[in-house]
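Here's the letter readout for the chains.
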There are 2 protein chains.
Amino acid sequence: MSRTGDGGPPLAIGPADIEAAAARLQGVAHRTPVLTSASADARTGARVYFKAEHLQRMGAFKFRGAFNALARFTPAQRERGVIAYSSGNHAQAIALAARLLDMPSVIVMPHDSPPPKLAATRAYQQGRPGSEVVLYDRYTEDREALGARLAAERGMTLIPPYDHPDVMAGQGTAALELIEDVGPLDLLLVCVGGGGLIAGCAVAAQALCPGIAVVGVEPEAGDDTRQSLARGEIVHIATPQTIADGAQTQHSGRLTFPVIQRRVREIVTVSDAQLVATMRFFAQRMKQVVEPTGCLAAAALLEGAVRAPGQRVGVIVSGGNVDPARYAAWLADGLG
Amino acid sequence: MSRTGDGGPPLAIGPADIEAAAARLQGVAHRTPVLTSASADARTGARVYFKAEHLQRMGAFKFRGAFNALARFTPAQRERGVIAYSSGNHAQAIALAARLLDMPSVIVMPHDSPPPKLAATRAYQQGRPGSEVVLYDRYTEDREALGARLAAERGMTLIPPYDHPDVMAGQGTAALELIEDVGPLDLLLVCVGGGGLIAGCAVAAQALCPGIAVVGVEPEAGDDTRQSLARGEIVHIATPQTIADGAQTQHSGRLTFPVIQRRVREIVTVSDAQLVATMRFFAQRMKQVVEPTGCLAAAALLEGAVRAPGQRVGVIVSGGNVDPARYAAWLADGLG
């Protein structure tokens, strides 16, 4: 059965999956606020609605997809638990979702991860037998192989950070809530790493507002998805050098890319300097702490990569987890 | 007619003044959100409701009192306009309120004010004939005398930053909204500079929840109001050295102090180091940029000056206007 409604081959998710995810997340995920800013509107000529996922549980939209995926585990899967590899927000999202669903979690993280991230992940796991952080050397070990081996040995279910239908559907609830709260939009801007967020959001948005343009935003240094759209197939790049650490992906997913091809109008890019300018805008004008990756979509609009005068524009602010010392340096000195 | 309801001499404001101010501010001031934090609740054992006045127009609660005062001007007063002296949030609040009410404003500011503050104030005045920033030398000139002379020469009405019934009543709408939104509270924590905010909030809170304890928070270095309560009369101190620049007042007001005496249970103090710790808590855990003065009330609870396990606690977060370089230094290095 086609889930596209436009005659193409079936996509990994459809609007009903996002509705079902929203029901699962009800009362568990925060229904994050929508922020507005007279400064942002004056600067862009648009009416801008910022969906504040930096105020989501654990500080990023990732909780939505993680919880939705784990909530669909069978009783047998739940008993054995979940495994994930991530150095970023996905790790904490899985650890928190597992805790809430009372299942063990194993998180595979680089041995040189920032201590606060290790501590936060372990704090979510505390007191749950079978839960642990497994460290690996990212210069000598292959985390995918390690993850697969641990999953097989322990009978745990591996949940990848983006290329999974339940993860994608969960992320789409961010756009669903935004449009439910503010009404129809002309344009929706979403950051792109592996494509889970934009895939879910595009499906949700177009189901609610058929005419909406969904535009993805990548860091200039890591425009693999833009290249992939141009080429018509998934392009792999070297790990990009960018402060947007949540978008340092090397390629979009086998499940996310077809959705992006069909549902996303275009991908634009922004520079790290534009991300810093946007971090400052959020801090000074809106009093919000937003991580670099969380600034991608807003930067495209505020810094002029996308112009939308007179339009109603949604912007997904994806997360706010940032090292205080690095954040302080960006506020004070720019890119240095 | 007594406005106290408890037999004492009449106070400058009563609950009806705050209700009237709320009606004037409807649709003009933001009804700021109430933020909650699982981390704050876990740390304090209380259920904490943060009233987010750093998200108010111009970034601080001061807009409430300024607009309420100017909205009550007679047509003749409105034609001549308003004058205010302030190096802080009151200046911008008066300039913005005057712009919205289409009246001229003269703001007397120190000649060495931070350029962004001068620019922001002038931006609000732009295009309104008769509006200007008047600079004075704070080492050689008396701003009160200068303000009084300009007011007399130009027929303008001077609005002081706190010791004015309409200003006090306007500030009280912050507590009114908070309690309307979250229900009865056991304890309300409010920062204290000249006392306009806490006076208005205490009157509003006790009208809505008769049993509520209202506690004021001053910087350790500037505890004039605590001293005044102990002495039973207004104590004047030298300008205190504290990073909480909005609470660098030398004494509470003739109108605010009697309200504080009657309606506030006690005043506690916090150190600058505790303010920095609280700024970091807001940034890391709640992704909010809060200025030092805005952290006073929260610091009292989070850093343990006030303990309220099991209670429902309101905290007024008064503002978010902070120089990015200084803020960055506090996040990165502490008090240095």
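What counts and what doesn't
Residues numbered from 1 in each chain as written. Chains lettered and ligands numbered in written order. Predicted model: local features only at pLDDT ≥ 70, side-chain atom pairs only at ≥ 80, totals over all residues. Heavy atoms only, no water. Domains from an automatic or database assignment. Contact = heavy atoms within 4.5 Å. Buried area = accessible area lost by both parts, 1.4 Å probe. Helix = DSSP H or I, 4+ residues; strand = E, 2+ residues; numbered from the N terminus. Buried < 20%, exposed > 50% of the residue type's maximum accessible area, 1.4 Å probe, protein only. Pairing = 2+ DSSP bridges. Salt bridge = Lys/Arg side-chain N within 4 Å of Asp/Glu carboxyl O. Nonpolar A, V, L, I, M, F, W, Y, C, P; charged D, E, K, R; others polar. Axes fitted to C-alpha atoms, helices over the stretch in contact; angles between N-to-C directions.

J.: Explanation requested: the domain arrangement of chain A in the structure shown.
T.: One frequent convention defines the size of an interface as the accessible area lost when the parts assemble. All names here are of chain A. Taken as a whole, chain A is organised into domain 1 (15–61 + 164–333) and domain 2 (62–158). Its C-alpha centre places domain 1 at a distance of 24 Å from the equivalent point of domain 2. If you look at the interface, domain 1 gives 25 residues, while domain 2 gives 16 residues. A buried area of about 1800 Å², summed over both sides, lies between domain 1 and domain 2, and 57% of it is on carbon and sulfur atoms. Counting the surface domain 1 buries against domain 2, the share from its top three residues, R24, M58 and D166, is 37%.

J.: Looking at this structure, I do not really get the environment of A205 of chain B. What am I missing?
T.: Residues and elements named next belong to chain B. Its place among the elements puts A205 in helix 9 (residues 196–208). Note on A205: relative accessible area 0%, which makes it buried. It is 34 Å that separates the C-alpha atoms of A205 and P104, two residues lying 101 residues apart in sequence. For A205, the residues in contact, after removing those within four places along its chain, are I179, L188, I212 and V214.

J.: Could you clarify how one ought to interpret the sheet that holds strand 10 (residues 312–317) of chain A in this entry?
T.: Strand pairing in a sheet takes place through backbone hydrogen bonds and is either antiparallel or parallel in direction. All names here are of chain A. Pairing within the open sheet is mixed, and its 6 strands lie in the order 1-2-10-7-8-9. Of all the strands in the sheet, the pair left with one neighbour each is strand 1 (34–35) and strand 9 (266–270). Note that strand 7 (residues 187–191) and strand 8 (residues 213–219) share 5 bridges and pair parallel. Bridge assignment links L188 to a residue of strand 8, and that residue is V214.

J.: Would you take a moment to explain the interface of chain B and chain A for this structure?
T.: Facing the 16 residues of chain B at the interface are 16 residues of chain A. In this assembly, chain B packs against chain A so that about 1300 Å² is buried in total across both faces, 69% of it on carbon and sulfur atoms. On the chain B side of the interface with chain A, the three residues burying the most area are K287, V289 and P324 of chain B, jointly 41% of the side's total. On inspection of chain B and its partner chain A, the count reaches 0 salt bridges. Here the element with the most residues in the side of chain B that touches chain A is helix 14 (residues 324–333) of chain B; it accounts for 5 residues. Of the residues contributing to the side of chain B that touches chain A, the split by class is 9 nonpolar, 6 polar and 1 charged.

J.: Help me understand the environment of V217 of chain B in this model?
T.: Positionally, V217 of chain B belongs in strand 8 (residues 213–219). For V217 of chain B, the contacting residues outside a window of four places in its chain are L189, V190, C191, V192, V268, V270, L296, A297 and A300 of chain B.

J.: Explain the sheet that holds strand 3 (residues 82–85) of chain A to me, please; I cannot follow it from the model alone.
T.: Residue and element names in this part refer to chain A. The parallel open sheet is built from 4 strands, whose spatial order is 5-4-3-6. Two strands bound the open sheet, and with one partner strand each, they are strand 5 (132–136) and strand 6 (157–158). Looking at chain direction, strand 4 (residues 105–110) and strand 5 are connected through 5 bridges and run parallel. If you follow P110 over to strand 5, its bridge partner there is Y136. Packed on one face of the sheet, helix 7 (residues 143–154) meets strand 3, strand 4 and strand 5 and runs near 175 degrees to strand 3.

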